[in-house]
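Chains, contacts and geometry: an overview
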Amino acid sequence: AVVSTQSTGENGDEIEVWGEYEFGQKFNFNVVGEDLDEVLIHFDIRPTENCVVMNYKKNRTWFKPEIRDYKLVRKFERGEYEPDFHFLMKCEPAQLSFVINGEPMSTVFPIQIPLSEGKNVVLRSEGPPGRWKMLKLPAIKENQVSNKDSLAVKANEEIPLENSLQVGDSIGVWGKHEGVRYNFNIKRNEHDHLLHLDIRPSEGTVVVDTCINNHWGTVAAHLREPFFWIIDAEDEFQFKIDFLEEGMKVYINGKDIGIVVPYQFDMASATYILCSAERGNPWRRIKLPKPVQCLQTFGTYEFAHFSIGDVINLTAVYRTERTVDVNFVASDDETILCHVSFRPSEGQIVVNSRQRGSWEREVRADIPGGLQVGEMYDIFAMVCEKDWKLEFSRDGDNENVLLEMRMPHRIPFNQPGYIKFSDPDDNVWTELNMPDGTSYIREL
């Protein structure tokens, strides 16, 4: 299996794999670059040779001499390790270290190729399939937003708002404090600021304000503590602006600045963003709201990969005429990571997965008795560390969960794919909200 990753190996990152040891042909774990022939780390378990071989490959050539460890296989063969194993690789400043079933290996691997060049994880087995069970990659950090999700920012250049702002939107912007005065603005025109965040190092404050027809001072909050949140950031700082019914909430490095900024004019009339600076460019990237698109149940909705903590939200109308389902499908079009099926004729919800052409063990539960025909309900599909967690509730009443179901991860979720619906009468699915903020909605 080849699994792509947006999260490069940094100091402190960990990659985890679960598998099953069996005497026989070798099987291995690899971190590779965009070119699959460039191997940053090759961890090859060779039961018949009674050893583990570690190596790297550059310019299509394996390095010599390779590093060998003879303790790991012996511990499996002696029964000191259970066949079901947990493998952990830790990224340290100059080396990779390894932990098997909670016990550190004495052998480490010196880093020869920068881990930032790692773009894929490859799991191979020359013996029977199924030795590798599950893979967990490092979570993508807040400051690692992919280029697909964000735009580079140049100081003092306008960034057009191609889609009108609306309640529920969020804007994120990242930068690096450089000791000069700089500010973030959401504007309707030269004279009207929906929001103005001004970082003033000479005063040690962040000023929050709005402006109409060149008249400032509606809010005029001078905040000292948030200024230190910016300068204390280890690397980049982040501003996040949430657009609520009552106004805008601002967060700096995940901390609420403590005020709600009222709308001085219709947010939908804002036309551009301006990130300014006295000199240089402290601004790095910005993530704008994604437009709400039309949901078509005969369409497919792609994802790059899922990460621990991701939530996919679906809304549907409860009907009893037909079976309907939603599938999280891998890019090979055959493997289904998670299948959720409403079967009114059986009175049950079925959750399952499919690989190598065969359905696996079903997880079943009764359709909640509280659901009424024609009523809208929500499904929250959550990617947890060990399983899929599915919560079912009435639309708009998500704190009161009617049913929770769980299915263990049987297939790595860190891989590209798409979401596909089954809706024979085209009258059930109404909304899909993806982890990256993309929304698809339709009216029935």
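Bear in mind that the values here come from a model prediction, so they are computed numbers and not experimental data.

On to the overall build of the protein chain, then. Of regular secondary structure, the protein chain possesses two helices and 40 strands. Summarising its shape, the C-alpha atoms of the protein chain cover approximately 80 × 60 × 35 Å along the three principal directions. In the protein chain, the share of contacts with a sequence separation of at least 24, taken over all contacts with a separation of at least 6, comes to 60%. Total accessible area computed for the protein chain in this model is approximately 21,000 Å², and 45% of it derives from carbon and sulfur atoms. Side-chain charges of the protein chain comprise 48 positive and 71 negative groups, with the mean position of each set lying 6 Å from the other.

In the structure shown here, the tally under the stated rule is zero disulfides. Cysteine Cys275 is unpaired, with the sulfur of Cys211 as its nearest cysteine sulfur at 17 Å.

This part takes up the sheet that holds strand 16 (residues 170–175). Taken together, six strands build an open sheet; the order of strands is 14-26-16-22-23-24 and the sheet is antiparallel. Across the chains shown, the open sheet's two edge strands, defined by having one partner strand only, are strand 14 (151–152) and strand 24 (255–261). As defined by bridge partners, strand 22 (residues 237–243) adjoins strand 23 (residues 248–252) across five bridges and the pair is classed as antiparallel. Considered in strand 23, the bridge of Phe239 is made with Ile252.

Take the packing of aromatic side chains next. With the rule as written, the count across this model stands at 26 aromatic pairs. Judged by centre distance (5.9 Å) and plane angle (25 degrees), the ring pair of Tyr182 and Phe237 falls under stacked. One end of the pair, Tyr182, is in strand 17 (residues 182–187); the other, Phe237, is in strand 22, with 55 residues separating them in the sequence. Taken together, the ring pairs connect Tyr21, Phe27, Phe76, Tyr81 and Phe85 into an aromatic cluster. The side chain of Arg188 reaches across the aromatic face of Phe265, ending 4.0 Å from its centre.

Reading the values: rules and limits
- Residues numbered from 1 in each chain as written.
- Predicted model: local features only at pLDDT ≥ 70, side-chain atom pairs only at ≥ 80, totals over all residues.
- Heavy atoms only, no water.
- Helix = DSSP H or I, 4+ residues; strand = E, 2+ residues; numbered from the N terminus.
- Contact = heavy atoms within 4.5 Å.
- Areas by Shrake-Rupley, 256 points an atom, 1.4 Å probe, with all protein chains shown as cover.
- Lys, Arg positive; Asp, Glu negative; His and termini not counted.
- Charge placed at Lys NZ, Arg CZ, Asp CG, Glu CD.
- Disulfide = S-S within 2.5 Å.
- Pairing = 2+ DSSP bridges.
- Phe/Tyr/Trp six-rings, centres within 6.5 Å; stacked < 30°, edge-to-face > 60°.
- Lys NZ or Arg CZ within 6 Å of the ring centre and 35° of its normal.

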